[in-house]
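Residue strings, one per chain:
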Amino acid sequence: MVLLDIDYVTVDELPVIRLFGKDKSGGNEPIIAHDGSFRPYIYAIPTDLDECLGELEELELEKLEVEEMRDLGRPTEVIRIEFKHPQDVPKIRNRIRDLESVRDIREHDIPFYRRYLIDKSIVPMEELEFQGVEVDSAPSVTTDVRTVEVTGRVQSTGSGAHGLDILSFDIEVRNPHGMPDPEKDEIVMIGVAGNMGYESVISTAGDHLDFVEVVEDERELLERFAEIVIDKKPDILVGYNSDNFDFPYITRRAAILGAELDLGWDGSRIRTMRRGFANATAIKGTVHVDLYPVMRRYMNLDRYTLERVYQELFGEEKIDLPGDRLWEYWDRDELRDELFRYSLDDVVATHRIAEKILPLNLELTRLVGQPLFDISRMATGQQAEWFLVRKAYQYGELVPNKPSQSDFSRRRGRRAVGGYVKEPEKGLHENIVQFDFRSLYPSIIISKNISPDTLTDDEESECYVAPEYGYRFLKSPRGFVPSVIGEILSERVRIKEEMKGSDDPMERKILNVQQEALKRLANTMYGVYGYSRFRWYSMECAEAITAWGRDYIKKTIKTAEEFGFHTVYADTDGFYATYRG
DNA sequence: ATCACGCGGGG
DNA sequence: GTGTACGCGTGAT
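Computed from a predicted model, the values in this text were never measured in an experiment.

(A) Representation of the overall build of chain A. A count of helices and strands for chain A gives 16 helices and 24 strands. Relative to the compact-globule value of 25 Å for 581 residues, chain A shows a C-alpha radius of gyration of 27 Å, a close match. The proportion of buried residues among the 581 residues of chain A is 52%. Counting only contacts in chain A whose residues sit at least 6 apart along the sequence, the fraction spanning at least 24 positions is 67%. Taken as a whole, chain A presents about 27200 Å² of accessible surface, with 46% of it coming from carbon and sulfur. Positive and negative charge centroids in chain A, built from 76 and 107 side chains respectively, lie 5 Å apart.

(B) Focus on unusual backbone geometry. Of the consecutive residues Ser476 and Pro477, the connecting peptide bond is found in the cis state with omega at 0 degrees. In this structure, Pro477 sits in the loop between strand E22 (472-474) and helix H14 (480-500). For Asn449, which is not glycine, the phi dihedral falls at a positive 55 degrees. If you trace the backbone, Asn449 turns up in the loop between helix H13 (440-447) and strand E20 (455-456).

(C) Representation of a negative patch on the surface. On the surface, Asp48, Asp50, Glu51, Glu68, Glu77 and Glu100 cluster together to form a negatively charged patch. Since its relative accessible area comes to 36%, Asp48 is described here as partly exposed.

(D) Summary view of the pattern of salt bridges. In total, this model carries 52 salt bridges according to the counting rule given. The structure contains a network of salt bridges with shared partners spanning Asp7, Arg18, Asp266 and Lys284.

(E) Local environment of the protein's contact with DNA strand B. Neighbouring DNA strand B are 23 residues; Val173, Asn175, Gly178, Asn241 and Leu306 lie closest to it. Sugar and phosphate atoms constitute 60% of the interface atoms of DNA strand B, taking the interface as everything within 4 Å of the protein. Note that a sugar or linking oxygen of DNA strand B is positioned 2.9 Å from one of the backbone N or O atoms of Val173. Taking Tyr292, its side chain carries an N or O atom lying 3.1 Å from a sugar or linking oxygen of DNA strand B. Elements supplying a minimum of two residues to the surface near DNA strand B: strand E10 (166-173), helix H6 (291-298) and helix H9 (333-368). Broken down by class, the residue content of the surface near DNA strand B amounts to 12 nonpolar, five polar and six charged.

(F) View of the sheet that holds strand E4 (residues 41-46). Within the open sheet, the four strands sit side by side as E5-E6-E4-E7. Their pairing is antiparallel. The open sheet has two edge strands, strand E5 (63-71) and strand E7 (102-106), and neither has a second partner. For this sheet, the mean angle separating the axes of adjacent strands, direction not counted, is 35 degrees. Bridge count between E4 and E7: four bridges; the pairing is antiparallel. Residue pairing for E7: Ile45 is matched across the bridge by Asp104. Together, E4, strand E6 (74-82) and E7 form the strand contacts of helix H2 (residues 88-97), whose direction differs from that of E7 by roughly 155 degrees.

(G) Inspection of the packing of helix H11 (residues 380-395) against helix H15 (residues 505-528) at higher detail. Relative to each other, H11 and H15 sit at 100 degrees, their axes nearing to 9 Å. By the criterion of interaxial angle, the relationship of H11 to H15 is roughly perpendicular. Only Leu521, Thr524, Met525 and Val528 of H15 make contact with H11, whose side of the interface consists of Thr380, Gly381, Ala384, Phe387 and Leu388. Broken down by class, the residue content of the contact of H11 with H15 amounts to six nonpolar, three polar and no charged.

Scoring rules and cut-offs
- Throughout, residues of each chain are indexed from 1 in the direction in which the sequence is written.
- Chain letters and ligand numbers both follow the written order, the letters beginning at A and the numbers at 1.
- This being a predicted model, a pLDDT of at least 70 is required before a residue's local features are given, and a value of 80 or more before pairs of side-chain atoms are given or counted; all residues contribute to the totals for chains, interfaces and linings.
- Based on all heavy atoms of the structure, the side-chain values leave hydrogens and waters out of the count.
- Strands here are runs of E lasting at least two residues and helices are runs of H or I lasting at least four, both read from the DSSP assignment and numbered beginning at the N terminus.
- Using C-alpha atoms as the atom set, the radius of gyration is obtained and then compared with a globule rule of 2.2 Å times the number of residues to the power 0.38.
- Between buried and exposed lies partly exposed: a residue is buried under 20% and exposed over 50% of the maximum accessible area for its type, with that area taken using a 1.4 Å probe on protein chains only.
- The contact criterion used throughout is that any non-hydrogen atoms of two residues lie within 4.5 Å.
- For every accessible area listed, the method is Shrake-Rupley and the probe measures 1.4 Å; residues are considered covered only by the protein chains on display.
- Positive charges are assigned to Lys and Arg, negative charges to Asp and Glu, while His and the chain termini are left out of the count.
- The atoms used to mark charge sites are NZ of Lys, CZ of Arg, CG of Asp and CD of Glu.
- Residues enter patches when their relative accessible area tops 30% and they take part in no salt bridge; the joining distance is 9 Å for like charges and 5 Å for the nonpolar side chains Val, Leu, Ile, Met, Phe, Trp and Tyr.
- For this analysis, a salt bridge means a side-chain nitrogen from Lys or Arg found within 4 Å of a carboxyl oxygen belonging to Asp or Glu.
- When we say a residue is near a molecule or strand, we mean one of its heavy atoms is within 4 Å of it.
- Polar contact is defined as a pair of N or O atoms within 3.5 Å, subject to the rule that within protein one atom must be able to donate a hydrogen and the other to accept it, and that residues adjacent in sequence are counted only when both atoms are side-chain atoms.
- Residue polarity is assigned by list, with Asp, Glu, Lys and Arg as charged and Ala, Val, Leu, Ile, Met, Phe, Trp, Tyr, Cys and Pro as nonpolar; anything else, Gly included, falls into the polar class.
- In this scheme, strands are said to pair when DSSP sees at least two bridges between them.
- In this analysis, axes come from line fits to C-alpha atoms, helices being fitted only over the stretch in contact, and the angle between any two N-to-C directions falls in the range 0 to 180 degrees.
- Any angle between 65 and 115 degrees counts as roughly perpendicular, while under 35 counts as roughly parallel, over 145 as roughly antiparallel, and the rest as oblique.

Keep in mind that these numbers describe shape and distance, not what the molecule does.
If you want it as structure tokens, here you go:
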């Protein structure tokens, strides 16, 4: 099956991982696989091993094991402490940290389902194979969900999921007094658009329009929407700002009207989680993607309204009606059809954006190895971090802890000096030659071995020494981050080669998105060194990278000028010049 | 310069 | 849920 989502439940006081997938070759059947074989754990770094083992014995923990790992490259003996339940970790970790013989605890802040994916080398949005036996299905409105108990091996096959079913939706509200208030303003339309040209607006009016499906009242409107989602069984349900608007609104209206909206495969309800400044809405089994945070990351605009994003992406205007007057379009017969067309246009636009943008996010999901639900809501720095957490496991490296509040405030505000910029010379320049470095920063990280684990004070060892700052980076062994970026770039080269050798336009398209995702990830790696919440934060690394960058471009410009070129503009990794002989 | 505050998207 | 989280522009001081 294709693995779409993951979580865990507690059965008889023990955690059971649930893998939500679809059998793409077997009629798109939803499957929930239960795996009760995995247990949470953390690491303790002891000051004295035997003493520490002794102290830990007294806490009556599930299991203790001594392991040899590396902590920023340094060989380190750690104690792996297993727990019965993920919830035990926050309960007990402070007591462990405070033990006399414990220098530090690690990997105590990694969500259980993420730990599972990493340790089992399982990748969402790839085919998943496992051995299991059928068990009784969970009660569900989705009647045909199969439940399987995992009895043996579980593994990702490496083949990506393509042809996923996407369903987009969008609601319209009648709000005559300011912003919509779910306590009193009814939902009058829900637009839905699916893969195979399925486009429809559900409403209590508009029966003369061919794309409108008429229902009796608002409650039926909500239930019909739920029915369509269940019936269409999309892999991904997409909205625009649906985390913060559509879903919370629908949920509240459903509660007021007593509508059944148990869309989860396990019969669970739509859940909106408060996440600091933003919400995230989840439906068990179906991956809900809110395109708004995705688009904010994907492009750099002054505003991110659906209209603006659509226009930028496709160069076309979509129907735009004034939000504060939509209720008039509903109330006045002669304007109502326009509102219907607006509703349809919104959901179709959302769908088009989804079709264009999701392939990249699916590749990032596979690369980072965390669920699409999470990836679509993560800042790029977070994506890079979870990618590295997975790599750290593979490399036997201990993951650094998340920065504490004091680390964070100390780091915040410090900023590495940026790239070299020569302001453009005014005027019209002819016969311009352009020069730029390919992947300048990733290349510098690799060639100068810039990594927190190679940064050293040691004057004796052979080092690369950063210009301006004099920071020293060991020439060997190869650092953790440079190794990982090296992997990313060589994978990208391999994929580009494969692209050259392919005539199949479909295959080329897929490969192109893959290399694009790798490029983005590689380029993110440089920036995160200076990102204050990053586990591998290092201002020295961030500063060294840009210092070498400035050094390279200035030297290149100087050389070009010796050959008779004149630079009219330069920025970070490239410059424009005229030839003067 | 420094800090508190509020906003984004949605109708 | 191994929870509780952004980043920037604005106006006031």
